[in-house]
Protein chains: 4
Amino acid sequence: MGSFKGHALPGTFFLVAGIWWTGKYSLWRASRRNKNMGSTRLASRTSQRRLEVIESSVVLFFSFVGMLAEQFAAGGPRLRLYDSADQHWEQLMNWQHATMYLFFGLAAAVSLLVHSWDAAPLALDRLMLAVAFFNEGFIFFYHLHGRSMLDVHVHQLLLFAVFGGALVAFLEVFHRGNVVLELLRCSLTLLQGSWFWQIGFVLYPPRGPEWDLDDHNNMMFVTMCFSWHLAFAMLVVSSLYCTVSCVVRSRLRRTPPMEMGLLKPRDRDPESEDEIL
Amino acid sequence: MGSFKGHALPGTFFLVAGIWWTGKYSLWRASRRNKNMGSTRLASRTSQRRLEVIESSVVLFFSFVGMLAEQFAAGGPRLRLYDSADQHWEQLMNWQHATMYLFFGLAAAVSLLVHSWDAAPLALDRLMLAVAFFNEGFIFFYHLHGRSMLDVHVHQLLLFAVFGGALVAFLEVFHRGNVVLELLRCSLTLLQGSWFWQIGFVLYPPRGPEWDLDDHNNMMFVTMCFSWHLAFAMLVVSSLYCTVSCVVRSRLRRTPPMEMGLLKPRDRDPESEDEIL
Amino acid sequence: MGSFKGHALPGTFFLVAGIWWTGKYSLWRASRRNKNMGSTRLASRTSQRRLEVIESSVVLFFSFVGMLAEQFAAGGPRLRLYDSADQHWEQLMNWQHATMYLFFGLAAAVSLLVHSWDAAPLALDRLMLAVAFFNEGFIFFYHLHGRSMLDVHVHQLLLFAVFGGALVAFLEVFHRGNVVLELLRCSLTLLQGSWFWQIGFVLYPPRGPEWDLDDHNNMMFVTMCFSWHLAFAMLVVSSLYCTVSCVVRSRLRRTPPMEMGLLKPRDRDPESEDEIL
Amino acid sequence: MGSFKGHALPGTFFLVAGIWWTGKYSLWRASRRNKNMGSTRLASRTSQRRLEVIESSVVLFFSFVGMLAEQFAAGGPRLRLYDSADQHWEQLMNWQHATMYLFFGLAAAVSLLVHSWDAAPLALDRLMLAVAFFNEGFIFFYHLHGRSMLDVHVHQLLLFAVFGGALVAFLEVFHRGNVVLELLRCSLTLLQGSWFWQIGFVLYPPRGPEWDLDDHNNMMFVTMCFSWHLAFAMLVVSSLYCTVSCVVRSRLRRTPPMEMGLLKPRDRDPESEDEIL
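As the structure is a computational prediction, the values presented were derived from the model and not from experiment. (Residues numbered from 1 in each chain as written. Chains lettered and ligands numbered in written order. Predicted model: local features only at pLDDT ≥ 70, side-chain atom pairs only at ≥ 80, totals over all residues. Heavy atoms only, no water.)

Comments concerning the overall build of chain A
Per the secondary structure count, chain A includes eight helices and two strands. Secondary structure of chain A in N-to-C order comes out as α-α-β-β-α-α-α-α-α-α. Counting across all 277 residues of chain A, residues that qualify as buried make up 57%. Relative to all contacts within chain A whose residues are 6 or more apart in sequence, the contacts with residues 24 or more apart total 75%. With an accessible surface of roughly 12400 Å², chain A has 67% of that area assigned to carbon and sulfur atoms. (Helix = DSSP H or I, 4+ residues; strand = E, 2+ residues; numbered from the N terminus. Buried < 20%, exposed > 50% of the residue type's maximum accessible area, 1.4 Å probe, protein only. Contact = heavy atoms within 4.5 Å. Areas by Shrake-Rupley, 256 points an atom, 1.4 Å probe, with all protein chains shown as cover.)

In structure tokens:
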């Protein structure tokens, strides 16, 4: 994947995932908060499960496509692992990327199972997501041997986003439905996506001059740039969250539920699960 | 233990332990979930305790045998620690392995005590398991000095499984009965077992050519291979879990309990301890 | 910011923040504990929110001023990032400091939003504070390359206070209102403030001789000195806490609320949230 | 403190503290578990507080004595920190040890305050204990520069016990009264105490030959020896716990409380705080 496109592609996937998750969790929370205004039709338990099943299927499909592409695209190993004639491993890079896709595929498969079969413990989907992120970071971590300084550095910064995401997903096993953790995971996924693009631009600039990969000033700039990406990701997440909240509210106001005159709206209930937790 | 058999033996123990635990926890959870269908006879509190006592006794026995084997098998130190004539330590390797067995034996003894005596705090068995895993990782960690690159690397990867198991067991002190943590521990134990076998095959290949222990490509392959072992362990655990769940369900359907007509089955109760936790 | 003033300025800010927070949390806890004596007028929910809004606005304002100062003060980059003529980055130091201010500004903005708009999850303000502290530490961490030994060491010690603050703020996401965590965060903020002053005195002594930056004894002294700062910070926090508690108590005694004769004061209720948690 | 006595002294203190704590927590838990048999006279809330106050006073006293001894014993710095004539720091070792004592003194002072004054949050005593342990480890951590290999190694092993103790005490802030954590802290304190003695015997053998401080086999033995100390500490703690439990039980059986005929003894209540937690 040593190319601009090889970094832009996963970056795009993570960007899409981050935005999709932000929208999903914002919508669910907004409808939970406005329960007394009849918003349950927006996010009933059944519709939530259907959404999860669709999401998992899509992820599963793309993981499968990704694995196939890594194996059979031009220059891929075509499922051959070891060349015993020449005594060397075949295209280990492609195999490693396929392994990363494999774990995201496993996470999606488990999520599919969990949300369509009753006997499976619900929290398994977050655990598998955490394992998938961890595995991605784990392979990247041992991926960096013998590269130039800036190359190592940009990938190390990526690890903050990846392991951060794994940690947050693992915490969600215990604090499921905590909106703060969910939004943090969305931000870290967005960060990961945009940082993949940034890595592409730094290591394989599509036009313009090459970067000096051993200049310490470049390293300092790149570190700061990572902070900016994080700030940008958080800005995107919070604007999306606010937009969704406002839209849900104004829509519900226009179409009052039947029991509206009977219940007085609770604007803020400090005992609700997701605020106290 | 620098031999193929020396790695295959503990590997087999951990594989057996992982599969046994998976079956145990799956059965208990399945019978908890189907309480209203009369499944309590499958896993009553008394039978659970009896099972724990038997399991602990078996572990205790094998730890003891392991310690004796390390001491008195051919080439063992026979309880001599220091040779004052030649001024050197006697067979430190064997002593270290015996120490690892000692801690698993202690964990089993405490578990035996906890499940047969009322005054002992229940969570101690998980704490001691965590300590036993931690101690194993701790000794391995200081075990690796001056070996070749690949040798160090495969043992470092083992540490992920070992310390991961210790961490999960420690978390279970606070979240006892959380099925997600239990299955994760089972996966990590299986991973540890199969990885021991892998180490044996890499460092002491029973047939075929030796591995080049300083080749960086080998290291990259081995890292990826560890991910595959993890995926495999998770697959085994989940298929076992599904099988046990289905078998318990279908059995209970065939032999309906007396009050079946009175209670309607709760297919999913989202408030149950092990899902929310 | 390589100057005495450049370290004294943020140090002063953190000192003020630490003292302010200590006072605020002490007052709130004292009034919570003396609820039955009518102290709710001191810290009603409305007045608490008003205070939070004012605090956030002030922080937002100073962050903005800080960013402007870093950009436009003498020698600042004036928003130019890259000098394409000379092919070098413009004043990366100033840009990095501005980035730190940016994150504290973001945290303040989110806090403002959270406390003035109902739909936002309350715990976001602590999360953003944790992110701001983490970002500060993150940038400092990659800031130290190629400096002399003592310079690196004093900044590494600073990281203990910074990352400690980030960790405590993150824990507060889950344990909001836990006074022990709040006071710990206050201590760590004070520690950070006074240590900034100490760094100024060590690296840029305003008068007296220069320090030998490569002497190992200096390093040992500085380590111990950090402990003293921590002890000092904890002393200040606890004396402030005691003073506020006593003042609130004695004031309430003098102005008895109406229902005083009816309720007997609960001197200690061990079930209250912030003691058990 | 570079002497055998200098390590045996703190070792003895920690050994005494570990045994004392084990006895205290075992007694309290035994009397909590046997509440219905009238054991509350053994550990009423008032007597518990009195015990805590006495314990804190004793610790405070010895910390003070320790600080004085470090300052004024033969070769101490007598409160002089810097010799401006010769331009060197005075006896930094002694100052560092005095700083460690200072933090244990602070912890004792806070514990005294917390248990004798109602307005202070109870969990502060555990927090301060965690800070005291952390500070001890922190100073040791930067203490090891430029020593020989084995010297560094035995002190690093000590750090496991010290930071482990700090972590457990910090967890107790959130899980106060969890007997598993309390017993773990007792074990780690005992481990620290006996390891101080071991360090003394390794680095300053009172009789017999010197150890070769650069021999790798010695290092491997010492690592294993640390495990044995841990096993030993856990054995001591568990035997003490069992003894106290049995004694309390048998004593209560002989002197039945008045309401014994009315209540049937609950042998095991799985809902009790300290088992589930």
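Digging into the interface of chain A and chain C
Contact residues are listed per partner, giving 37 residues for chain A and 34 residues for chain C. In this assembly, chain A packs against chain C so that about 3300 Å² is buried in total across both faces, 74% of it on carbon and sulfur atoms. On the surface where chain A and chain C come into contact, there are zero salt bridges. For the pair chain A and chain C, the number of links is four residue pairs in polar contact (both at pLDDT 80 or more). The set of elements that each furnish at least two residues to the side of chain A that touches chain C consists of helix 1 (4-33), helix 5 (149-174), helix 6 (179-203), helix 7 (216-254) and helix 8 (273-276) of chain A. (Buried area = accessible area lost by both parts, 1.4 Å probe. Salt bridge = Lys/Arg side-chain N within 4 Å of Asp/Glu carboxyl O. Polar contact = N/O pair within 3.5 Å; in protein donor to acceptor, adjacent residues only side chain to side chain.)

Comments concerning the relation of the copies chain B and chain A
Mapping chain B onto chain A is achieved by rotating through 90 degrees and translating by 0.0 Å along the same axis, at an RMSD of 0.0 Å. Given the turn and translation reported, the copies of this chain are related as if by a four-fold rotation axis. Ranked by how close their C-alpha atoms come to the rotation axis, the residues of chain B are headed by Phe 174 of chain B, at 7.8 Å. (Least-squares fit on C-alpha atoms with pLDDT ≥ 70 in both.)

Section: the interface of chain B and chain A
With 37 residues of chain B in contact, the opposing surface of chain A contributes 34 residues. When chain B packs against chain A, close to 3300 Å² is buried across both sides, 74% of that on carbon and sulfur atoms. The interface formed by chain B and chain A contains zero salt bridges. Remark: the boundary between chain B and chain A carries four residue pairs in polar contact (both at pLDDT 80 or more). Counting residues per element, the side of chain B that touches chain A draws most heavily on helix 7 (residues 216-254) of chain B, at 17 residues. In the side of chain B that touches chain A, the residues fall into 22 nonpolar, 10 polar and five charged. (Nonpolar A, V, L, I, M, F, W, Y, C, P; charged D, E, K, R; others polar.)

Observations regarding the pattern of salt bridges
Residue and element names in this part refer to chain A. As enumerated under the stated definition, the model contains 35 salt bridges over all chains in all. Close ionic contact of Glu 90 with Arg 80 constitutes a salt bridge, the shortest N to O distance being 3.9 Å. You can see Glu 90 sitting in the loop between strand 2 (88-89) and helix 3 (92-116) and its partner Arg 80 sitting in the loop between helix 2 (45-72) and strand 1 (82-83), a full 10 residues away along the chain. Shared partners join several salt bridges into a network, and the residues in it are Asp 125, Arg 126, Glu 172, Arg 176 and Arg 185.

Quick word on the nonpolar core
Formed by 278 residues in total, the largest nonpolar core has its most connected members in Trp 195 of chain A, Trp 195 of chain B, Phe 170 and Trp 195 of chain C together with Phe 170 and Trp 195 of chain D. If near-sequence neighbours (up to four positions away) are discounted, Trp 195 of chain B is found in contact with Val 154, Leu 157, Leu 158, Val 222, Cys 225, Phe 226 and His 229 of chain B. (Core = buried A, V, L, I, M, F, W, Y, C linked by side-chain atoms within 4.5 Å.)

Re the UniProt feature "transmembrane region" (unreviewed entry) in chain A
Residue and element names in this part refer to chain A. As annotated by UniProt and renumbered to match this structure, "transmembrane region" (unreviewed entry) occupies residues 12-30, 51-74, 94-115, 127-145, 157-174, 186-206 and 226-248. A distance of 35 Å separates the end C-alpha atoms of residues 51-74, which is 92% helix and 0% strand. Here residues 157-174 runs as 100% helix and 0% strand, with 27 Å between its end C-alpha atoms. (UniProt positions renumbered as here; feature names shortened; annotations may be inferred.)

Looking at the packing of aromatic side chains
Scanning all chains against the criterion turns up 106 aromatic pairs over all chains. Plain terms: the ring middles of Phe 138 of chain A and Phe 160 of chain B are 5.1 Å apart, the flat faces sit at 80 degrees to each other, and that makes the pair edge-to-face. Remark: Phe 160 of chain B occurs in helix 5 (residues 149-174) and Phe 138 of chain A occurs in helix 4 (residues 124-141); the pair is interchain, linking two chains. Note on Phe 138 of chain A: relative accessible area 3%, which makes it buried. Taken together, a centroid distance of 5.9 Å and an interplanar angle of 70 degrees make the contact between Phe 14 of chain C and Phe 104 of chain C edge-to-face. Taken as a pair, Phe 14 of chain C in helix 1 (residues 4-33) and Phe 104 of chain C in helix 3 (residues 92-116) lie far apart in primary sequence, 90 residues in all. Phe 104 of chain C carries the same exposure label as Phe 14 of chain C, and that label is buried. (Phe/Tyr/Trp six-rings, centres within 6.5 Å; stacked < 30°, edge-to-face > 60°.)

Some details on the packing of helix 1 of chain C against helix 6 (residues 179-203) of chain C
Residue and element names in this part refer to chain C. Where helix 1 meets helix 6, the closest approach of the two axes is 7 Å, and the angle between their N-to-C directions is 160 degrees. As the angle between them shows, helix 1 and helix 6 are arranged roughly antiparallel. Between helix 1 and helix 6 lies a crossing of left-handed hand. Residues of the contact of helix 1 with helix 6, tallied by class, amount to 16 nonpolar, 10 polar and three charged. (Axes fitted to C-alpha atoms, helices over the stretch in contact; angles between N-to-C directions. Parallel < 35°, antiparallel > 145°, perpendicular 65-115°, else oblique. Left-handed = near helix turned anticlockwise from the far one by under 90°.)

Topic: helix 6 of chain A
All names here are of chain A. Taking 1.5 Å per residue, 25 residues should reach 36 Å; helix 6 reaches 36 Å between its end C-alpha atoms and fits that length. Burial analysis of helix 6 places 23 of its 25 residues in the buried class, the great majority of the element. The backbone nitrogen of Val 180 lies 3.0 Å from a side-chain oxygen of the residue at the head of helix 6, namely Asn 178. (Expected span 1.5 Å × (residues − 1).)

Quick word on unusual backbone geometry
The phi angle at Leu 79 of chain A is positive, at roughly 65 degrees, despite the residue not being glycine. By the element assignment, Leu 79 of chain A lies in the loop between helix 2 and strand 1. Classification of Leu 79 of chain A by relative accessible area gives exposed; the value is 56%. Phi is positive for Arg 78 of chain C, which is not a glycine, with a value near 50 degrees. Considering the arrangement of structural elements, one finds Arg 78 of chain C in the loop between helix 2 (45-72) and strand 1 (82-83).

Brief notes about the side chain of Arg 185 of chain C
Residue and element names in this part refer to chain C. Along the polypeptide, Arg 185 turns up in helix 6. Residue Arg 185 is classed as buried on the basis of its relative accessible area of 1%. Apart from residues lying up to four places away in sequence, Arg 185 is in contact with Trp 21, Tyr 25, Arg 126, Leu 129, Gly 165, Val 168, Ala 169 and Glu 172.

Describing the confidence of the model for chain A
All names here are of chain A. Averaged over all residues, the pLDDT of chain A equals 86, while 88% of them reach at least 70. Within chain A, helix 8 has the poorest average pLDDT of any element, 38, and helix 4 the best, 96. In this model residues 259-277 is a low-confidence stretch, pLDDT under 50, and it forms 40 contacts with partners more than four residues away in sequence or in other chains. (pLDDT = per-residue confidence, 0-100.)

Brief notes about the state of the cysteines
Taken as a whole and assessed by the stated rule, the structure comprises zero disulfides over all chains. Cysteine Cys 246 of chain C remains unbridged, with the sulfur of Cys 242 of chain C as its closest cysteine sulfur at 6.4 Å. (Disulfide = S-S within 2.5 Å.)

As for the environment of Leu 27 of chain A
All names here are of chain A. Note that Leu 27 resides in helix 1. On the accessibility criterion, Leu 27 (28% relative accessible area) is partly exposed. Considering only alpha carbons, one finds Leu 27 and Val 244, 217 residues apart in sequence, at a separation of 6.2 Å. Excluding residues that lie within four positions of it along the chain, Leu 27 makes contacts with Val 244 and Val 248.

Here we look at helix 5 of chain A
Taking 1.5 Å of rise per residue, the 26 residues of helix 5 of chain A would be expected to cover 38 Å, and the 38 Å separating its terminal C-alpha atoms lies within 8% of that figure. With 21 of 26 residues buried, helix 5 of chain A lies mostly within the body of the structure.

Let's talk about the packing of helix 3 (residues 92-116) of chain D against helix 4 (residues 124-141) of chain D
All names here are of chain D. Interhelical geometry of helix 3 versus helix 4 gives an angle of 175 degrees and a closest axis separation of 8 Å. As far as their axial angle goes, helix 4 and helix 3 are roughly antiparallel. Contacts between helix 3 and helix 4 involve Gln 96, Thr 99, Met 100, Phe 103, Phe 104, Leu 106, Ala 107, Val 110, Ser 111, Val 114 and His 115 on the former and, on the latter, Leu 124, Asp 125, Met 128, Leu 129, Val 131, Ala 132, Phe 133, Asn 135, Glu 136, Ile 139 and Phe 140. Split by residue class, the contact of helix 3 with helix 4 holds 15 nonpolar, five polar and two charged.

Description of a nonpolar patch on the surface
Residues and elements named next belong to chain A. On the surface, Leu 9, Phe 13, Ile 54, Val 58, Phe 61, Phe 62 and Val 65 cluster together to form a nonpolar patch covering roughly 640 Å² of accessible area. Of all elements in the fold, only helix 1 and helix 2 reach the threshold of two or more residues within the nonpolar patch. Per element, the largest residue contribution to the nonpolar patch is five residues, and it comes from helix 2. Along the chain, the position of Val 58 falls in helix 2. Residue class for Val 58 comes out partly exposed when judged on its relative accessible area of 41%. (Patch = residues over 30% accessible without salt bridge, like charges linked within 9 Å, V, L, I, M, F, W, Y side chains within 5 Å.)

A closer look at the environment of His 7 of chain C
Residues and elements named next belong to chain C. Counting through the fold element by element, His 7 comes out in helix 1. Between the C-alpha atom of His 7 and that of Gln 198, which follows or precedes it by 191 residues, the distance is 8.6 Å. Polar side-chain contacts of His 7 include one of 3.2 Å to the backbone oxygen of Ser 3.

Considering the environment of Met 128 of chain C
Along the polypeptide, Met 128 of chain C turns up in helix 4 (residues 124-141). With relative accessibility at 7%, the residue Met 128 of chain C sits in the buried group. Note: C-alpha distance between Met 128 of chain C and Phe 170 of chain C (42 residues apart in sequence) is 8.7 Å. The contact partners of Met 128 of chain C, leaving out residues within four places of it in the chain, are Met 234 of chain A together with Leu 106, Ala 107 and Val 110 of chain C.

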